[in-house]
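A structural walkthrough
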Amino acid sequence: MELILWRHAEAEPHKPDQLADQLRVLTAKGARHASRVGAWLDRQLPAQCRILASPATRCVQTAEALGRKFQTVDALNTDSTPQAILEACGWPDARLPVVVVGHNPLLGQVASLIFCGAPHEWKIRKASVFWIAHKGEQDPAPFVRLAVGPDMVGKLR
């Protein structure tokens, strides 16, 4: 299985109201970064993959930049857990690659749970991709295939 963790791009400043937090939109810079990373990801991903996004507006806008069909999943929202996110994407047994568009610190906790067995506060920068692969029984140890931010995506071929 391949699990691609994609943190949402830069959004408007946080407001204390939970509903307002869900409705925050990407800034102009965030939209540019989402577009750049989305175009790059689209070239890297196979035609058949699942794309899951948090229902928060900033995650939906980031996922839209990929230009593919995606599904919003409540288990990816800010009040979720790393375990719930892994269950939602079918780690480690899903047959298709899964892109998860979500939030920090949750995505960092998902990555650390996979590699360390416990959720830790690993930071994934805004609009960055943390690509994890798992070959299954033939090679049970997961590995980092790629970790890249929007500033480097344009330099990758």
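Residues numbered from 1 in each chain as written. Predicted model: local features only at pLDDT ≥ 70, side-chain atom pairs only at ≥ 80, totals over all residues. Heavy atoms only, no water.

**Examining the overall build of the chain**
When its secondary structure is counted, the chain shows 6 helices and 6 strands. Listed by position from the N terminus, the elements making up the chain come as β-α-α-β-α-β-α-β-α-β-β-α. Here the chain, with 157 residues, has 46% of them falling under the buried criterion. Relative to all contacts within the chain whose residues are 6 or more apart in sequence, the contacts with residues 24 or more apart total 63%. (Helix = DSSP H or I, 4+ residues; strand = E, 2+ residues; numbered from the N terminus. Buried < 20%, exposed > 50% of the residue type's maximum accessible area, 1.4 Å probe, protein only. Contact = heavy atoms within 4.5 Å.)

**Things to note about the nonpolar core**
Counting residues in hydrophobic clusters, the biggest one holds 22 residues, and the most contacted among them are L3, L5, L86, C89, W91, V98 and V100. Elements that contribute at least two residues to this core include exactly β1 (2–7), α4 (82–89), β4 (98–102), α5 (106–116) and β5 (129–133). One finds W6, A53, V101 and W131 within the second-largest nonpolar core, a separate group that totals 18 residues. (Core = buried A, V, L, I, M, F, W, Y, C linked by side-chain atoms within 4.5 Å.)

**Some words on the pattern of salt bridges**
For the structure shown, the criterion picks out 6 salt bridges. Taking the shortest distance from any N to any O, the salt bridge between D21 and R24 comes out at 3.0 Å. Just as D21 is buried, R24 falls in that class too. (Salt bridge = Lys/Arg side-chain N within 4 Å of Asp/Glu carboxyl O.)

**Here's the deal with the pairing of β5**
Of all 5 residues in β5, 5 are buried, a share of seventy percent or more. Because side chains alternate across β5, one face comprises the buried residues V129, W131 and A133, and the other comprises F130 and I132, equally buried. Relative to β5, β1 runs antiparallel, the two sharing 5 bridges. In the strand pairing of β5, L5 is matched with F130. The pairing of β5 with strand β6 (residues 143–148) spans 5 bridges and is antiparallel. Of the residues in β6, the one forming a bridge with W131 is L146. (Pairing = 2+ DSSP bridges.)

**Quick look at the sheet that holds strand β3 (residues 71–72)**
A sheet is described by the order of its strands in space; here 6 strands give the open sequence β3-β2-β4-β1-β5-β6, paired in mixed fashion. With one partner strand each, in any of the chains shown, β3 and β6 form the two edges of the open sheet. Packing of α4 onto the sheet brings it into contact with β1, β2 (50–53) and β4, and relative to β2 it is tilted by some 150 degrees. α5 contacts β1, β4, β5 and β6 of the sheet and is inclined by roughly 150 degrees relative to β1. (Axes fitted to C-alpha atoms, helices over the stretch in contact; angles between N-to-C directions.)

In short, shape yes, function no, at least from these values alone.
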